[in-house]
Amino acid sequence: KKATAWPSRVLAASFTFFLLFASALGSVFGEKVDGRVSHDRTVTDASRYIEVITKREYRIFRWGFSPWLYQYSHRRPAGRYVFSTYVTGFVPWYWEKLSTEKARIVPGSVEALLSDLEREKPEIVVDAGSVMMGRPLRMFEKPTNWLYRHYCFEVRFGAMDLYRRKVDGRDCAYPYFPRAAEVV
């Protein structure tokens with residue numbers, strides 16, 4: 001029995017090593033081919049759209065957890081927050097009740113963000129809050145009011161809503177916004 005056990009173990013170990021090596025190799029090549037590790041092509045499609053409709057010197061604001069939009073669209077961020085954690089209280093991978101998240105909001109962070117956005121006047125606002133965290137900008141009263149005053153809904157890419165700055169305060173050509181979410 002010992003004579004047949006040894007080759008079986010070597011064969012099993014070799015096969016296991018081969019499977020692990022092939023999986024790792026597939027992951028490396030999959031990443032190298034298109035550069036996407038943690039998102040699908042929605043981000044690159046939305047970024048390309050932003051790149052086409054805005055000038056390079058324009059800033060954009062992205063709400064949520066899709067920072068790749070800045071790099072792929074070659075646009076600088078408006079506002080001081082690259083992620084929405086401070087203004088929403090949402091910590092990725094730690095789902096809590098909305099009341100707990102509301103208590104985590106950094107005091108003054110929403111006002112600071114809105115002040116930044118008033119000053120920098122981003123051409124495009126991307127609401128990517130539904131991509132990872134299920135917390136669209138429309139769930140938050142002050143940011144929603146600011147959005148409705150200054151922006152028009154433009155287009156949706158997957159779970160991302162893009163809004164374009166109103167021209168000279170005029171009404172939106174398309175007056176409808178995506179359905180409002182439960183406000184926090």
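If you're wondering where the values come from, they're calculated on a predicted model, not measured in any experiment.

Enquirer: Explain the nonpolar core to me, please; I cannot follow it from the model alone.
Expert: Burial of nonpolar side chains together is a common tendency in soluble globular proteins. With 31 residues, the main nonpolar core has Phe61, Val126 and Met160 as its most contacted residues. Put simply, the parts of the chain that give this core at least two residues each are helix H2 (41-53), strand S1 (59-64), helix H3 (68-73), helix H6 (109-120), strand S3 (124-128), helix H8 (141-150), strand S4 (151-157) and strand S5 (160-165). Counting residues per element, this core draws most heavily on H6, at five residues. Each residue touching Val126, except ones within four places of it in the same chain, is listed here: Ile50, Phe61, Arg62, Trp63, Leu69, Met160, Asp161 and Leu162.

Enquirer: Help me out: how do you make sense of the state of the cysteines in this one?
Expert: Covalently bonding the sulfur atom of one cysteine to the sulfur atom of another cysteine gives a disulfide. For the structure shown, the criterion picks out one disulfide. Residue Cys152 pairs covalently with Cys172 via a disulfide, S to S 2.0 Å. Residues Cys152 and Cys172 are joined by a disulfide whose S-S torsion is about -90°; by sign, that bridge is left-handed. Highlighted residues: Cys152 in strand S4 and Cys172 in the segment after S5, separated in sequence by 20 residues. Among the residues examined, Cys152 registers a relative accessible area of 13% and is labelled buried.

Enquirer: Can you walk me through unusual backbone geometry in this structure?
Expert: Phi is mostly negative for residues that are not glycine, and the peptide bonds are mostly trans. One non-glycine residue, His74, lies in positive phi territory at about 60°. In this fold, His74 is placed in the loop between H3 and strand S2 (76-77). Its relative accessible area of 40% is what places His74 among the partly exposed residues. Even without being a glycine, Lys121 presents a positive backbone phi close to 45°. Looking at where Lys121 falls in the secondary structure, it is placed in the loop between H6 and S3.

Enquirer: In this structure, what is going on with the pairing of S5? I would like to understand it.
Expert: One face of the sheet, then the other: side chains in a regular strand alternate in exactly this way. Counting buried residues along S5, five of its six residues qualify, which places the element largely inside the surrounding structure. Taken together, the four bridges between S3 and S5 define a ladder with antiparallel strand orientation. In the sheet register, Val126 faces S5, and the bridge partner there is Leu162. Note: S4 against S5, six bridges, orientation antiparallel. From the neighbouring strand, Phe157 faces S5, where its bridge partner is Met160. Linking two consecutive strands that pair antiparallel, namely S4 and S5, is a turn of two residues; a positive phi of about 60° is found at Gly158 within it.

Reading guide: rules and limits
- Throughout, a residue's number is its position along its own chain's written sequence, starting from 1.
- Under the rules for a predicted model, residues below a pLDDT of 70 receive no local features and side-chain atom pairs below 80 are neither given nor counted, while totals for whole chains, interfaces and linings still include all residues.
- Excluding hydrogens and water, the side-chain values take into account all heavy atoms of the structure.
- For our purposes a nonpolar core is just a set of buried Ala, Val, Leu, Ile, Met, Phe, Trp, Tyr and Cys residues, chained together by side-chain atoms within 4.5 Å.
- Relative accessibility thresholds used throughout: buried, under 20% of the residue-type maximum; exposed, over 50%; partly exposed, between the two (1.4 Å probe, protein chains only).
- Numbering of helices and strands runs from the N terminus, with a helix taken as a DSSP run of H or I at least four residues long and a strand as a DSSP run of E at least two residues long.
- By definition in these notes, contact holds between two residues if any of their heavy atoms fall within 4.5 Å.
- Throughout, a disulfide means two cysteine sulfur atoms within 2.5 Å of one another.
- In short, DSSP must find at least two bridges between two strands for them to pair.

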